[in-house]
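Read off the chains here:
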Number of protein chains: 2
Amino acid sequence: MSDHPEAPVGAFEPPYYVAVFTTVRTAEQSGYGETNARMEDLVREVPGYLGMDHAQTPGGLGITVGYFRDADALTEWRHNAEHRAAQQRGRAEWYQSYTLHVAKVERSHGFTRA
Amino acid sequence: MSDHPEAPVGAFEPPYYVAVFTTVRTAEQSGYGETNARMEDLVREVPGYLGMDHAQTPGGLGITVGYFRDADALTEWRHNAEHRAAQQRGRAEWYQSYTLHVAKVERSHGFTRA
């Protein structure tokens, strides 16, 4: 038994894609929360979007993992105009540093306690 | 300027591998900290190990992303006897649920504020 309301996104049938986005933010976070919430809504509309995991350390390292059915889904998300504007603002204001790793999942498995 | 001591692992030249391990833990965490520290030491000895990012939400969702130069590095880590024993104990005691996604990175990029 667990008192944790959260559960990780499960394993899908490979192949699928993960976008691993790791960040450290600046002290200037004006507008970040609203934009982040809007991006979370927008990405859900992308055909082939499968889900997202997010966690953040007290020290400020954030990890977001987005799961997508195929490369086309990621291309659509990458080219979304509102997403591009948010990325630009992120580089100008919100992010001290970030890394994006886009990868094709070859194998996966999940475990859930009985 | 940032007061964050942490920085995400940077982008490597593709192809390379990511192992995305997402977890929710149980209330039974006896021995977890020591084993986790030991695994962090052990994985550093794997030829082709490139680095690791880790973050955890207050609600208990943990995300660990390991970066590896190639599939052989991951195979060596997967077959490590001490690691296998730790995984077994994790399923028996420490994890409520987890998912592992192993993926080959096709593109990556990093940003650091000037």
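Since the model is a prediction, treat every value here as computed from it, not as a measurement.

A. Region of interest: the environment of A92 of chain B. Within the secondary structure layout, A92 of chain B lies in helix α3 (residues 81-94). For the pair A92 of chain B and E28 of chain B, spaced 64 residues apart in the sequence, the C-alpha separation amounts to 9.9 Å.

B. Representation of the interface of chain B and chain A in the model. Each side of the interface is counted separately: chain B has 55 residues, and chain A has 56 residues. Elements supplying a minimum of two residues to the side of chain B that touches chain A: β1 (16-25), β2 (49-56), β3 (61-68), α3 and β4 (95-112) of chain B. Taken together, the residues of the side of chain B that touches chain A sort by class into 25 nonpolar, 20 polar and 10 charged. Sheet analysis places strand β4 (residues 95-112) of chain A next to β4 of chain B, joined by 15 bridges and oriented antiparallel. Across the sheet, residue R107 of chain A finds its bridge partner in β4 of chain B, namely V102 of chain B.

C. Highlighting the pattern of salt bridges. Residue and element names in this part refer to chain B. All chains considered together, the criterion is met by six salt bridges over all chains. The partner of E82 in a salt bridge is R38, and the shortest N-O contact between them spans 2.6 Å. Note that E82 is positioned in helix α3 and R38 in helix α1 (residues 32-43), a separation of 44 residues in sequence. Residue class for E82 comes out partly exposed when judged on its relative accessible area of 35%. A relative accessible area of 35% means that R38 is categorised as partly exposed. Residue R89 is joined to E93 by a salt bridge in which the shortest nitrogen-to-oxygen separation is 2.8 Å. Within this pair, R89 and its partner E93 are both found in helix α3, separated by four residues, close to a single helical turn. What makes R89 partly exposed here is its relative accessible area of 33%.

D. Local environment of the packing of helix α1 (residues 32-44) of chain A against helix α3 (residues 81-94) of chain A. Residue and element names in this part refer to chain A. Look at α1 against α3: their axes get within 11 Å of each other, and the N-to-C directions meet at 150°. The angle between α1 and α3 falls in the class roughly antiparallel. Between α1 and α3 the crossing geometry is left-handed. Across the interface between the two elements, Y32, T35, R38, M39 and L42 of α1 pack against E82, H83, A86, R89 and W94 of α3. Of the residues belonging to the contact of α1 with α3, the class tally is five nonpolar, two polar and three charged.

E. Expanded view of the relation of the copies chain B and chain A. Of the transformation superimposing chain B on chain A, the axial component is 0.0 Å and the angular component is 180°, with the fit at an RMSD of 0.0 Å. Read as a symmetry element, the transformation amounts to a two-fold axis. When the interface residues of chain B are mapped onto chain A, 100% of them again fall at the interface, so both copies present the same face.

F. Geometry of unusual backbone geometry. Put simply, P14 of chain A and P15 of chain A share a cis peptide bond, and its omega is 0°. In this structure, P15 of chain A sits in the segment before β1 (16-25).

G. Broad picture of the packing of helix α2 (residues 71-79) of chain B against α3 of chain B. All names here are of chain B. Running from amino to carboxyl end, α2 crosses α3 at an angle of 65°, the nearest separation of the two axes being 5 Å. Between α2, through W77, R78 and H79, and α3, the contact on the second element is made entirely by A81, H83 and R84. In terms of residue class, the contact of α2 with α3 is built from two nonpolar, two polar and two charged.

The rules we used
- Residues numbered from 1 in each chain as written.
- Chains lettered and ligands numbered in written order.
- Predicted model: local features only at pLDDT ≥ 70, side-chain atom pairs only at ≥ 80, totals over all residues.
- Heavy atoms only, no water.
- Helix = DSSP H or I, 4+ residues; strand = E, 2+ residues; numbered from the N terminus.
- Contact = heavy atoms within 4.5 Å.
- Nonpolar A, V, L, I, M, F, W, Y, C, P; charged D, E, K, R; others polar.
- Pairing = 2+ DSSP bridges.
- Salt bridge = Lys/Arg side-chain N within 4 Å of Asp/Glu carboxyl O.
- Buried < 20%, exposed > 50% of the residue type's maximum accessible area, 1.4 Å probe, protein only.
- Axes fitted to C-alpha atoms, helices over the stretch in contact; angles between N-to-C directions.
- Parallel < 35°, antiparallel > 145°, perpendicular 65-115°, else oblique.
- Left-handed = near helix turned anticlockwise from the far one by under 90°.
- Least-squares fit on C-alpha atoms with pLDDT ≥ 70 in both.

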